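Each chain is listed here by its residues.
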Amino acid sequence: MVELDLGRRIRNAISVFTGKAYIDDKAVKELVKELQRTLISSDVDVHLVLKITKEIERKALDLEKKKELAIREQVVRIVYDELVALLGETYEPKIEKKKVLLLGLYGSGKTTTAAKLGKFYKSKGMRVGVICADTDRPAAYEQLQQLCEKAGLEFYGEKGEKDSAGIVKRGLLKLHNFDITIVDSSGRNALEGDLIDELKRIVDVLKPDENILVVSADIGQVAGKQAKAFNEGVNVNGIIVTKSDGSAKAGGAISAAHHADAKVMFIGTGEHIDELKVYDSKKYVAKLLGFPDLEALLEKVKTVEAETQIDQKKLLEEKLTMKTFLEQIKAAKKMGPLKDVFTMMGAPDVPEEMLQQSEGKMKKFEAMINSMTPAERDDPEILKKSSNRIGRVAKGSGCSVAEVKELLQQFDMINKMMYGFKKDRGMRRKIEKMMKGGFKFQ
Ligand SMILES: Nc1nc2c(ncn2[C@@H]2O[C@H](COP(=O)(O)OP(=O)(O)OP(=O)(O)O)[C@@H](O)[C@H]2O)c(=O)[nH]1
Ligand SMILES: [Mg+2]
């Protein structure tokens, strides 16, 4: 979807709550400001932005009275729930026989979407036929025919014919064996009376189960007004927002459609015929916040938190050794996108390289650690102070001195990071646990 990382600043604002037992008014205000900036830059209606951020502020400040632990996760939950409410419901397309009419202004993406949508239903096992009822754009016939060929869809059109309703009528007869019929219609520069008349004539013969308005993400909140206007002419059942890949305004278009009572059904995410996604508000918000699978993440953080309550005392006595370090980087590699987990837990700046050691390097690290004496493994400081020891480990493991030094450096980085979490006692334990593999992510 939107490639801009709108979530980074929000994530940073959220990370301020790490380890706090009480809510901090200033941090809430900062977070609210970041949310407002992000949403307004996505062209979400200012009134809506103020409304939901006020709600977030109120709920977040209320947490103080409860004096709950794990404030940060609660704040994330509040932000997430409010944004999901702002951006509407997740769509569940019914895989059944139906007739669909796509409508919208010039260049909104109707023709491309006709083929994408056809391909989507075809992949669900439906037989799909597509009708070109655009009698306005030159070469509309050829464009749709080619797209249908690419997508393996049955195509019906009448080159040169000007009566779009007539084409639809004959198309329906020709495609009567198909489960799903998708009709592509003409556009206009603006919603004019003659377009509505033409659409009405098509609706009369097609009797569509779904009239879907196609809008481009770059119109932002205007999508709401358009949905209302089209709905007055012909009943609009839902909306498809295209070109969300090229515009940061998709959030504005989606929220506006939702508040104009137009259900967001699909999102176009690229020019390619496969680039259509069923709209999932939860995923969309998670993406906006920068956490790919927020629901799962929140669940897991909760579990880890519950499990670690008891171990807090033990944690203080624990020390990072070469042995646990090796276990951790091994587990981290298995787990994949750990960065999100760290960010979620309030450490957005863990270097990526550290979490993604290459397979070969891991083997070398292992060999080096095996060449250490138990005392060295427990306390790499003694290694660092002696070039003789470093030389010995290098020789014993078949690695270079530089590689041993790199290992020591990496160890230091992790160690520092762990102790950086000392203020929040639960954190180090959580992260160690995660890295040991008790916390499988995705
Ligand atoms: N990046 C991107 N481009 C898209 C998307 N959907 C459509 N396009 C492009 O937008 C342009 C217009 O798309 P069309 O499908 O021809 O739009 P239309 O609504 O049929 O246009 P008219 O028939 O002229 O009214 C084409 O270049 C498409 O490739 C999308 O989701 N992402
Ligand atoms: Mg078209």
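This structure is a prediction, so every number in the text was calculated from the model and none was measured.

Participant: How do you make sense of the site of ligand 1 when you look at a structure like this?
Facilitator: The environment of ligand 1 is made up of 20 residues, and the closest members are Lys110, Thr111, Thr112, Arg137 and Asp245. A distance of 3.4 Å separates an oxygen atom of ligand 1 from a polar backbone atom of Gly268. Take Gly270: an N or O atom from its main chain is 3.2 Å from an oxygen atom of ligand 1. Coverage of ligand 1 by the protein amounts to 82% of the 650 Å² it exposes when considered alone. In terms of residue count, the dominant contributor to the shell around ligand 1 is helix α5 (residues 110–123) (four residues). The residue makeup of the shell around ligand 1, split by class, is two nonpolar, eleven polar and seven charged.

Participant: Is there a simple way to think about a nonpolar patch on the surface in this case?
Facilitator: A contiguous nonpolar surface patch, about 240 Å² in accessible area, is contributed by Ile40, Val46 and Leu50. Considering the arrangement of structural elements, one finds Leu50 in helix α3 (residues 46–66).

Participant: Sorry, what's going on with the packing of aromatic side chains here?
Facilitator: Two numbers describe a pair of aromatic rings. These are the distance of the centres and the angle of the planes. According to the stated counting rule, one finds five aromatic pairs in the structure shown. Centre to centre, the rings of Phe120 and Tyr121 are 5.1 Å apart; their planes meet at 75 degrees, and the pair counts as edge-to-face. A relative accessible area of 14% means that Phe120 is categorised as buried. We classify Tyr121 as buried; its relative accessible area is 0%. Geometrically, the ring pair formed by Tyr279 and Tyr284 is tilted, given 6.2 Å between the ring centres and 55 degrees between the ring planes.

Thresholds applied
- By convention here, each chain's residues receive numbers from 1 onward along its written sequence.
- For naming, the first written chain is A and the first written ligand is 1, with later ones following in the order written.
- Restriction of local features to residues with pLDDT of at least 70 applies here, the model being predicted, together with a cutoff of 80 or more for giving and counting side-chain atom pairs; totals for whole chains, interfaces and linings are based on all residues.
- Hydrogen atoms and water are omitted, and side-chain values are computed over all heavy atoms in the structure.
- The criterion for a residue being near a molecule or strand is simple. One of its heavy atoms has to lie within 4 Å of it.
- Between N or O atoms, a polar contact is any pair within 3.5 Å; within protein, one atom must be a potential hydrogen donor and the other a potential acceptor, and residues adjacent in sequence are included only when both atoms are from side chains.
- Values of accessible area rely on a 1.4 Å probe in the Shrake-Rupley scheme; residue burial ignores everything except the protein chains shown.
- Under the DSSP-based scheme used, a helix requires at least four consecutive residues in state H or I and a strand at least two consecutive residues in state E, with every element numbered from the N terminus.
- Side-chain classes follow a simple rule in which Ala, Val, Leu, Ile, Met, Phe, Trp, Tyr, Cys and Pro form the nonpolar group, Asp, Glu, Lys and Arg form the charged group, and the remainder, Gly included, forms the polar group.
- Only residues whose relative accessible area exceeds 30% and that form no salt bridge enter a patch; like-charged residues are grouped when within 9 Å of one another, and nonpolar side chains (Val, Leu, Ile, Met, Phe, Trp, Tyr) when within 5 Å.
- Within this document, salt bridges are pairs made up of a side-chain nitrogen of Lys or Arg and a carboxyl oxygen of Asp or Glu, the two lying within 4 Å of each other.
- Within 6.5 Å between ring centres, the rings of Phe, Tyr and Trp (the latter by its six-membered ring) count as paired, and their orientation is classed by plane angle as stacked under 30 degrees, edge-to-face over 60, tilted in between.
- For the exposure calls, accessible area comes from a 1.4 Å probe over protein chains only, and a residue counts as buried if that area is under 20% of its type's maximum, exposed if over 50%, partly exposed in between.

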